Every structure is written in structure tokens, then in C-alpha cells.
Amino acid sequence: MHSCYLYREWLIQALHLGNRLGYKIEVSNQSTKEVMKEFELQINDAYAGL
């Protein structure tokens, strides 16, 4: 989970840099903490068989 968090933070920064360089990239406004919480809930559901 921690690696996913770090990678997403890095990727979001890279995408913003791409936008500053003139590329038209849609970047999510959802925070990494929100994404990771949702991911954690999905993993818990998978283990619970939901």
C-alpha cells in the first residue's frame, strides 16, 4: 500500500509537469489519501468474499 501511495504521488506530479510542458492530460482531483482508503476498503471486501 505504501508503495502504491508513493507511486501515485509521483505520477500525479509527473502528469502536472506534462501539463506545464503543454500536453493536455486530465489529472484526477481526488487526493491520494482518498484513493488509498477506497483501495483498502476494496481489498478488505475481497478478503471477506464480498
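In what follows, the structure referred to is the one given above.
Described below are features of the structure shown in this document. Along each chain, residue indices are assigned from 1 in the same order as the chain's sequence is written. Given that the model is predicted, a residue must reach a pLDDT of at least 70 before its local features are reported, and side-chain atom pairs must reach 80 or more before they are shown or counted; all residues, however, enter totals for whole chains, interfaces and linings. No hydrogens and no water enter the side-chain calculation; it runs on all heavy atoms of the structure.

1. A look at the overall build of the chain
Item 1. Here a helix means four or more residues in a row that DSSP labels H or I, a strand means two or more in a row labelled E, and each is numbered from the N terminus. When you go through the chain residue by residue, the secondary structure sums to 2 helices and 0 strands.
Item 2. A globule of 50 residues ought to have a C-alpha radius of gyration of about 10 Å, yet the chain, at 14 Å, is considerably larger.
Item 3. The buried label goes to any residue with under 20% of its type's maximum accessible area, the exposed label to any with over 50%, and the partly exposed label to all in between, with areas taken from a 1.4 Å probe on protein chains only. Classification of the 50 residues of the chain by burial places 12% in the buried group.
Item 4. All accessible-area figures derive from a Shrake-Rupley calculation using a 1.4 Å probe, and residue coverage is judged against the displayed protein chains alone. Summed over its atoms, the accessible surface of the chain is roughly 4,400 Å², and 57% of this surface lies on carbon and sulfur atoms. The reference for a compact globule is 2.2 Å times residues^0.38; the radius of gyration itself is calculated from the C-alpha atoms.

2. Some words on a nonpolar patch on the surface
Item 1. Without a salt bridge and with relative accessible area above 30%, a residue can belong to a patch; like charges are then joined within 9 Å and nonpolar side chains (Val, Leu, Ile, Met, Phe, Trp, Tyr) within 5 Å. The working definition used for a salt bridge is a side-chain nitrogen of Lys or Arg within 4 Å of a carboxyl oxygen of Asp or Glu. Together, Leu 17, Leu 21, Tyr 23 and Ile 25 make up a nonpolar patch on the protein surface, roughly 410 Å² of accessible area in all.
Item 2. Take Leu 21: it is sitting in the loop between helix H1 (2–20) and helix H2 (32–48).

3. Regarding H2
Item 1. Over its 17 residues, H2 extends 24 Å from the first C-alpha to the last, a length consistent with the 24 Å expected when each residue adds 1.5 Å.
Item 2. Gly 49 sits one or two residues past H2 and shows a positive phi near 80 degrees. In this analysis, the expected span of each helix is defined as 1.5 Å times one less than the number of residues it contains.

4. A word on the side chain of Arg 8
Item 1. For Arg 8, the position within the fold is in helix H1.
Item 2. Here Asp and Glu are counted as negative and Lys and Arg as positive; His is not counted, and neither are the chain ends. Within the buried set, Arg 8 has no salt-bridge partner at all; the shortest N-O distance to an opposite charge, 5.0 Å, is to Glu 9.

5. Side note on H1
Item 1. Helix length check: H1 (19 residues) gives 27 Å between terminal C-alpha atoms against 27 Å at 1.5 Å per residue, within 8%.
Item 2. Those residues of H1 not exposed but buried are Arg 8, Ile 12 and Gly 18. Along H1, the residues classed as buried sweep out an arc of 120 degrees about the axis, all on the same side. Those residues of H1 that are exposed and aimed more than 90 degrees away from the buried face are His 2, Ser 3, Trp 10 and Arg 20.
Item 3. Contacts made by the buried residues of H1 are with H2.
Item 4. Directly after H1, the chain includes Gly 22, whose backbone phi takes a positive value near 105 degrees. The directions from the helix axis to the C-beta atoms are what the arc is built from. Two residues qualify as a contact provided that any one of their heavy atoms is within 4.5 Å of a heavy atom in the partner residue.

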